[in-house]
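# Working through the structure, step by step
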Amino acid sequence: MAAIAENTSKAGARRRLIKLDKTQMMLMLFLTLVGIFMILPLFYIFNHALKPYSELFLYPPRIFVQQPTLTNFSEFFSLLKDSTIPASRYLFNSIVVAGLGTVSVVIVSALAAYPLSKHPFPGSKLLFSAIVISLMFVPEALQIPRYIVVAQLGIMDTYVGHILPHVAAPVSVFLVKQFMDQVPNDLIEAAKIDGAREFTVFMRIVIPVVMPSIATSSILTFQDIWNDTSTSTLFMQNDAMKTFPYYLSTLTNNLANSVARQGAVAAASLILFLPTLIIFLTFQRKVIATMAHSGIK
Amino acid sequence: MSNELQLASKTQVKLGVQEKLNLLTKRIWKYRISYLFLSPFLIAFTLFILIPVLAAFGLSFTYYNSIQPPTFAGWDNFEYLLSQDVLFLKYALPNTLTFALIVGPGGYVLSFIIAWLIAQIPDRWRIWFVLAFYAPSLAGGVVMNIIWQPLLSGDRIGYLNSFLLRMGWIEEPQLWVIDPDYLMIAMIGVTMWTSMGVGFLALLAGILNVDKQLYEAARIDGVKSRLQEIWYITIPYMKPQMLFAAVMAIVNAFKAGQIGETLSGMKPTPEYAGHTIHNHISDFGLIRYEMGYAAALSVVLLLMIYFFNRLSWRLFGNKGDE
């Protein structure tokens, strides 16, 4: 009797597998067609960097390059040599700021999300509402007060001045907190009865389960900080403290015509884009991998 | 007699307050570790968000030109805003509402559908589809312009025009991004294309996170179709992610601003057809140097977003989360 039941369920499973594969094929075809249109910007960034000047200004612009060349890169690197502060300095600043910034945002957000999700401490509801409401304020109106705060703290022209304003990351806290809401309270209670301290519970139980949200928040934060020019514009007066994207924006800003250096800019945009792409692929792979093996029980 | 009674009740109230305070301190002390966890974020949040937001609230009651110290103006800014600011009442407000009420829910539903579809394909290929759909958000605004400008260009060469002309659906080329009648439609379409952002990533992670055993159990309980699975298992299970994505969709839709100016290449947009509240704020704050008025506009925008957020939470029935 049991054997028969097992057999039929096996057959059922196989049938479902085959049927699924067919729908999956159709699905993949559909998603590929839409996806090709969505992924055009990426093709564009790569192709644009390889275009000779004759193609950079074609109208209407073409996405794909006809005669690929590396002259844009040599133009870009010769420009770097001319700058008074070596461009490697800007790149170094960017790597320090984006690297340290992302790590601190993720740690600080996860630490803050845990009590917000799991501890009914006095003021928790009020604080969470404040975090969500703070998302709704447009940045323009905050610029001047923020500038005054940074100036008062005396962190102008320091790496802290780049990083600290980003550490207040309500989106990150909100995201990680939502994932922590799914961690069963029984799991945490059980660990506490076994004698685990809060920090152990946090590190050993909660963090592994919400890893996907941590990876997602890393992608988002890195992308934000890496491309941000506002801290360089507002809080850094010393040129040696500014970041790579800020430097790139100065390449074309002060020129009388918009033709010169466009090749260098195209090459630079690709160089600027590559780290975000690599970070996205690494961390998103992590999101998908952790999902495949675990899950909240 | 009555005096005595009053006195007695007064002391009682006093005692009550004292007791309550004591209780509160005890509770706060009991949760001291929670505050320790929170402290790094709280410090940064207070310095860079709370203080600036409160300062902006304060500035909204002043006249402030960014150079001279602000002078108190009472409700003047808000009065002007609600009664005399024609650009705001006639263009910015309705445009923002139209845009946000279509793009917010539209982008949200689209993100969920795409995320769910991507979750159904084999693990091995998934990352590349995620990359493809997240690409517009990853590449940022500059590239968006390059893709859409030739597509929507107003002459015969524009891809959309040349296609429609060849099919015989239109007689002459349409000015998709310059004609005030079409600009809003173009803005909505292009924004939908970039709406697979952080909410999409959160939804995808949430869908993949659903325990597979739940689906098995549901199948035994008589759930037959995939749609039933979504309705009875996926969505209830991933409520936290749904809420996050909904809030982000609403907030981003209401805060959108650059899109109209980028598409039409004009500032302000032709006949203010794509003028949103955010445009209005940057106009007053960064061009006219009327920071006080810009702050008042930001407060009004915040109140609007807050209202629609509450509305959507009521609709989704998330009573536990606030």
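Since the model is a prediction, treat every value here as computed from it, not as a measurement.

Conventions used here
- Residues numbered from 1 in each chain as written.
- Chains lettered and ligands numbered in written order.
- Predicted model: local features only at pLDDT ≥ 70, side-chain atom pairs only at ≥ 80, totals over all residues.
- Heavy atoms only, no water.
- Phe/Tyr/Trp six-rings, centres within 6.5 Å; stacked < 30°, edge-to-face > 60°.
- Helix = DSSP H or I, 4+ residues; strand = E, 2+ residues; numbered from the N terminus.
- Salt bridge = Lys/Arg side-chain N within 4 Å of Asp/Glu carboxyl O.
- Buried < 20%, exposed > 50% of the residue type's maximum accessible area, 1.4 Å probe, protein only.
- Domains from an automatic or database assignment.
- Contact = heavy atoms within 4.5 Å.
- Buried area = accessible area lost by both parts, 1.4 Å probe.
- Polar contact = N/O pair within 3.5 Å; in protein donor to acceptor, adjacent residues only side chain to side chain.
- Arc of directions from axis to C-beta.
- pLDDT = per-residue confidence, 0-100.
- Nonpolar A, V, L, I, M, F, W, Y, C, P; charged D, E, K, R; others polar.
- Lys, Arg positive; Asp, Glu negative; His and termini not counted.
- Core = buried A, V, L, I, M, F, W, Y, C linked by side-chain atoms within 4.5 Å.

## So, the packing of aromatic side chains
Residues and elements named next belong to chain A. In total, this model carries 28 aromatic pairs over all chains according to the counting rule given. Relative to Phe-244, the ring of Phe-76 lies with its centre 6.5 Å away and its plane at 80 degrees, an arrangement referred to as edge-to-face. Pair noted here: Phe-76 is in helix 3 (residues 71-82) and Phe-244 is in helix 13 (residues 244-253), with a separation of 168 residues, a long-range link. Aromatic pair Phe-222 and Trp-226: ring centres 5.5 Å apart, planes at 15 degrees, arrangement stacked.

## Digging into the pattern of salt bridges
Residues and elements named next belong to chain B. Tallied over the full model, the rule gives seven salt bridges over all chains. Its salt-bridge partner being Arg-219, residue Glu-229 comes within 3.3 Å of it at the nearest N-O pair. Remark: Arg-219 occurs in helix 10 (residues 212-220) and Glu-229 occurs in helix 11 (residues 226-237); sequence separation between them is ten residues. We classify Arg-219 as partly exposed; its relative accessible area is 32%. In this structure, Arg-226 engages Glu-229 in a salt bridge whose closest nitrogen and oxygen atoms are separated by 3.9 Å. Of this pair, Arg-226 and Glu-229 both sit in helix 11, three residues apart, which is roughly one turn of the helix.

## Some thoughts on the domain arrangement of chain B
Residue and element names in this part refer to chain B. Its domain assignment divides chain B into domain 1 (2-72) and domain 2 (77-321). Taken over C-alpha atoms, the centre of domain 1 sits 36 Å from the centre of domain 2. Across the contact, nine residues belong to domain 1 and ten residues belong to domain 2. Where domain 1 abuts domain 2, roughly 760 Å² becomes buried across the two surfaces, and 67% of that area is made up of carbon and sulfur atoms. If you look at where domain 1 meets domain 2, you find zero salt bridges. Put simply, domain 1 and domain 2 have four residue pairs in polar contact (both at pLDDT 80 or more) between them. In terms of residue count, helix 2 (residues 32-59) provides more of the side of domain 1 that touches domain 2 than any other element does, three residues in total.

## A short note on helix 6 (residues 143-153) of chain A
If you check which residues of helix 6 of chain A are buried, you get Pro-145, Val-149 and Val-150 of chain A. Seen end-on, helix 6 of chain A carries its buried residues on one side only, within an arc spanning 135 degrees. Elements that come into contact with the buried residues of helix 6 of chain A comprise helix 12 (230-235) of chain A together with helix 2 of chain B. Positive backbone phi, approximately 70 degrees, marks Gly-154 of chain A, located one or two places after helix 6 of chain A.

## Quick notes on the confidence of the model for chain A
Residues and elements named next belong to chain A. With 87% of its residues at a pLDDT of at least 70, chain A reaches an overall mean of 84. Looking at the elements of chain A, mean pLDDT is at its lowest for helix 1 (residues 2-49), recorded as 70, and at its highest for helix 8 (residues 170-180), recorded as 95. Every residue in residues 1-18 is under pLDDT 50, and counting partners more than four places away or in other chains gives one contact. pLDDT under 50 marks residues 293-297. Its contacts with residues more than four places away, or in other chains, come to ten contacts.

## Regarding the interface of chain A and chain B
On the side of chain B, 96 residues touch chain A, which itself brings 94 residues to the contact. Carbon and sulfur atoms supply 78% of the area that chain A and chain B bury against each other, a total of about 8500 Å² over both sides. Between chain A and chain B we count zero salt bridges in total. Counting across the interface, chain A meets chain B through eleven residue pairs in polar contact (both at pLDDT 80 or more). Of the residues forming the side of chain A that touches chain B, the biggest block, 18 residues, is contributed by helix 1 of chain A. Across the side of chain A that touches chain B, the residue classes break down as 71 nonpolar, 14 polar and nine charged.

## Some words on the side chain of Asp-85 of chain B
Residue and element names in this part refer to chain B. Tracing the backbone shows Asp-85 in the loop between helix 3 (76-83) and helix 4 (86-120). Buried within the structure, Asp-85 lacks any salt-bridge partner; its nearest side chain of opposite charge belongs to Arg-288, at an N-O separation of 6.9 Å. With residues up to four places along the chain from it excluded, the contact list for Asp-85 reads Tyr-80, His-280, Phe-284 and Tyr-293.

## Regarding the nonpolar core
Membership of the largest hydrophobic core comes to 184 residues, with the highest contact counts inside it found for Phe-76 and Phe-280 of chain A together with Ile-118, Phe-133, Phe-200 and Leu-263 of chain B. Element by element, the count of residues in this core is highest for helix 4 of chain B, at 13 residues. Shared between two domains, this core takes at least three residues from each, and those domains are domain 1 (2-72) and domain 2 (77-321) of chain B. If sequence neighbours within four positions are ignored, Phe-200 of chain B has contacts with Ser-111, Ile-114, Ala-115, Ile-118, Val-130, Phe-133 and Tyr-134 of chain B. Among the nonpolar cores identified, the runner-up in size contains five residues, and Tyr-215, Ala-218, Val-223 and Ile-233 of chain B belong to it.

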